Amino acid sequence: MPLITYREAVRHALAEELERDKNVVVMGEEVAQFNGAYKVTEGLLAKFGPDRIVDTPISEAGFIGMGIGASMLGVRPVMELMFWSFYSVAFDQILNNAANVRYMSGGQINCPIVIRGPANGGTNVGATHSHTPENVLANHPGVKVVVPATAYDAKGLLKSAIRDNDPVFFLENTMLYGEKGEVPTEEYVIPLGKADVKREGSDLTIVTYGRCVHHSLAAAAILEKEHDISVEIVDLRTIRPLDIDTVLASVAKTHRVLIVEEQKPFASVGSQLAYMIQREAFDELDGPIHRLATVDAPAIYSPPVEIEQLPNPQRVLKAALEAVG
Amino acid sequence: MSKKTTATADKKAAPAPSVSDFAQAPINAGLSREAKIELHRKMVRIRRFEERSLRSYQAKKIGGFLHLYIGQEAVAVGCCSLMGPNDHVITAYRDHGHAIAVGMDTKPLMAELYGKATGCSKGKGGSMHYFDPTRNFWGGHGIVGGQIPLGTGLAYGIKYKGLKGAAMAFMGDGAVNQGAVHEAYNLASLWNLPVVFVIENNGYSMGTSQARSSAGELAQRAAGYDMEWGQCNGHDVYEVRATMDKFLTLAREKNRPSTVEIDTYRYRGHSVADPDNTYRSKQEIEEYRKTKDPIQVFQQKLLTEGVLTEALIEQIDAEARAEADNTADFAEASPFPTPDDIQKDVYWESDNPAERKSQGRLFFD
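The rules behind the values
- Residues numbered from 1 in each chain as written.
- Chains lettered and ligands numbered in written order.
- Predicted model: local features only at pLDDT ≥ 70, side-chain atom pairs only at ≥ 80, totals over all residues.
- Heavy atoms only, no water.
- Helix = DSSP H or I, 4+ residues; strand = E, 2+ residues; numbered from the N terminus.
- Rg over C-alpha atoms; globule rule 2.2 N^0.38 Å.
- Buried < 20%, exposed > 50% of the residue type's maximum accessible area, 1.4 Å probe, protein only.
- Contact = heavy atoms within 4.5 Å.
- Areas by Shrake-Rupley, 256 points an atom, 1.4 Å probe, with all protein chains shown as cover.
- Lys, Arg positive; Asp, Glu negative; His and termini not counted.
- Charge placed at Lys NZ, Arg CZ, Asp CG, Glu CD.
- Pairing = 2+ DSSP bridges.
- Axes fitted to C-alpha atoms, helices over the stretch in contact; angles between N-to-C directions.
- Polar contact = N/O pair within 3.5 Å; in protein donor to acceptor, adjacent residues only side chain to side chain.
- Parallel < 35°, antiparallel > 145°, perpendicular 65-115°, else oblique.
- Left-handed = near helix turned anticlockwise from the far one by under 90°.
- Nonpolar A, V, L, I, M, F, W, Y, C, P; charged D, E, K, R; others polar.

**Student:** I'd like a rundown of the overall build of chain B, residues and numbers included.
**Tutor:** The helix and strand inventory of chain B stands at 14 helices and 7 strands. The C-alpha atoms of chain B give a radius of gyration of 20 Å, which matches the 21 Å a tight globule of 365 residues would have. The principal-axis extent of the C-alpha atoms belonging to chain B is close to 65 × 50 × 45 Å. Taking all 365 residues of chain B together, the buried fraction comes to 58%. Within chain B, counting contacts between residues at least 6 apart in sequence, those at least 24 apart form 73% of the total. As displayed, chain B offers around 14,300 Å² of accessible surface, 52% of which is attributable to carbon and sulfur atoms. Looking at charge distribution, chain B has the averaged site of its 44 positive side-chain charges lying 1 Å from that of its 46 negative ones.

**Student:** Report on the sheet that holds strand β13 (residues 257-260) of chain A, specifying residues and quantitative values.
**Tutor:** Residues and elements named next belong to chain A. Pairing within the open sheet is mixed, and its 5 strands lie in the order β9-β11-β10-β13-β14. What marks the edges here is a single partner per strand, and that holds for β9 (196-199) and β14 (290-292). In this sheet, adjacent strand axes meet at a mean angle of 25° when their direction is disregarded. Sheet analysis places strand β10 (residues 204-208) next to strand β11 (residues 231-235), joined by 5 bridges and oriented parallel. Bridge pairing in β11 links T208 to D235. Lying over the sheet, helix α8 (residues 244-254) contacts β9, β10, β11 and β13, oriented at roughly 170° with respect to β11.

**Student:** Lay out the side chain of A:N173 with the relevant residues and their values.
**Tutor:** All names here are of chain A. Within the secondary structure layout, N173 lies in the loop between β7 (168-172) and β8 (180-182). On the basis of relative accessible area, N173 is assigned to the buried category, the value being 4%. Polar side-chain contacts of N173 include one of 3.4 Å to the side chain of N120. Those residues in contact with N173 that sit more than four places away from it in its chain are Y6, P118, A119, N120, R211 and E262.

**Student:** If you had to explain the packing of helix α7 (residues 212-227) of chain A against helix α11 (residues 313-324) of chain A to someone new, which residues and values would you point to?
**Tutor:** Residue and element names in this part refer to chain A. The N-to-C vectors of α7 and α11 enclose an angle of 55°; their axes lie 8 Å apart at closest approach. It follows from the interaxial angle that α7 and α11 lie oblique. Helix-helix and strand crossings are classified by hand; for α7 and α11 the assignment is right-handed. The residues of α11 that touch α7, namely those facing H215, S216, A218, A219, I222, L223 and H227, are P313, Q314, V316, L317, A320 and L321. Class assignment for the residues of the contact of α7 with α11 results in 9 nonpolar, 4 polar and no charged.

This is the structure we're talking about:
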């Protein structure tokens, strides 16, 4: 299988879906002429033209809302947020309009929109640009939330997201855009809501997603080599719908759980997971559920300290040792 | 229009044509007798429906808010009477008039207010959230100004699909200061989208007069976005139609957006929970009722034209009252949704399980 970057995988998914369905349009700040702020959409304007690849002004509430309105008429907009952090200025459009319109209309109206872009810390851009809002988004019934960790997953999940009839929020990661992974040349899709066991093991289950999958894999290698601890890593891939069954099956195997997430701890995705695991697999647990999250403060700028604020392989290692201890 | 502090303080930038001119405008001169009667009938039906809903509200049959349109009927009826097959409408929470104007059946509208399963949104939306996509009516939206980007998106959809049509995005005068409205103005003009932004200026954003909430003039703000704009008297359905026809044609034919400010007035409070005695006088309301009531104004014109007779007026009114009473009976007799219905209509996929592609849990407890 060819090795391509996460960035290219997202781009290929966009190109294939643009090719497949004339209703798909890509919109966002700098997506066309500039070739994408992170070069995700590079070359799409040349291939699909300005009616399908549309540069928007810096006007998130306006253009996201406009995309939602167009989706009600059957257009399938894939809207790029340069950073998911900018969702806050379009919050009413995203979480009042897109999330609620089907319900408030008694099921008469669909909103087949995808909003995608990076949501991560670690790039020394400070608190305003480092939000990871998957928990906030997933708190709203009516929406779907996807956080892919690898090139393969990003492509297959984005294709499913674009074909989905419900609003899907797709959270990428600037730190992963350059990471390469094996991606088949033939077409494939990955269903939303299907977790993936990224590593099999028997002593500890790490439940995680996004970039923390990679931190967890790095820590797991050290744990095996230096501590003889066998770690299973469950990558959720999708936050809502949630594949809790794969998580529970792993817990039944290892009996110990560490949740690793790039989230502020209060009411995070991990909080929900911990509730569900204790509720549905209480008898399987040999100890309390542990969690490693972002250190609870706005994102610090200072580059070396930001690494310590976020989950990283060393922090995962320490938390894993505590969890099995 | 200049800021209004009293009923008689209206001033126009340009002298208004005389009333008869609007009756002679081509869009009105071509109306059949039946079509004119239908305009009148729709306004009467809206008013009787809303008066009936107010009684039901006072009888505690209806929860939440009830934002009545009484006094503004000529705006929705005039605008929506111009709709062609590819024209679309979206509005804010004062949406009963628009729903009836686009042709929705009033029984499910009343049932929705009662929170019944037979409501137009199955009792899930309430007064502020009426929808009927089969009639190109996209709500009914609760957040001031939040529907305006959506309306711009409807225009985008019309254009993207290569259709000749226009979106009408209605808002109140209180919405003009919301950022989302200005972002939508910019996008619509920048991208040549076929949308008419309709400001229904009833003089008050809730209890705050235009003078106390908005700097400068309202419609003219469109000029800053290189957009056409216009103003008209919303008490005369002929004038509403003549004005809107011009801007709808601009949208449909040239893909150019515009903003039209329509001067109107609501007799009731912002919602029925509004004490309505802190920010305007009873005398002001009475003045409008006596001199500018849109139903009375149009009725008088049609009497003069020989289209309506006193007997026909009485008949239409009696029918509208009976219809309104029937809606209340229908709503009363209808069942409430059940707790099992709470989690229906959330996801397309959960409502269409045979076609579901995703896996995993969609709902949590």
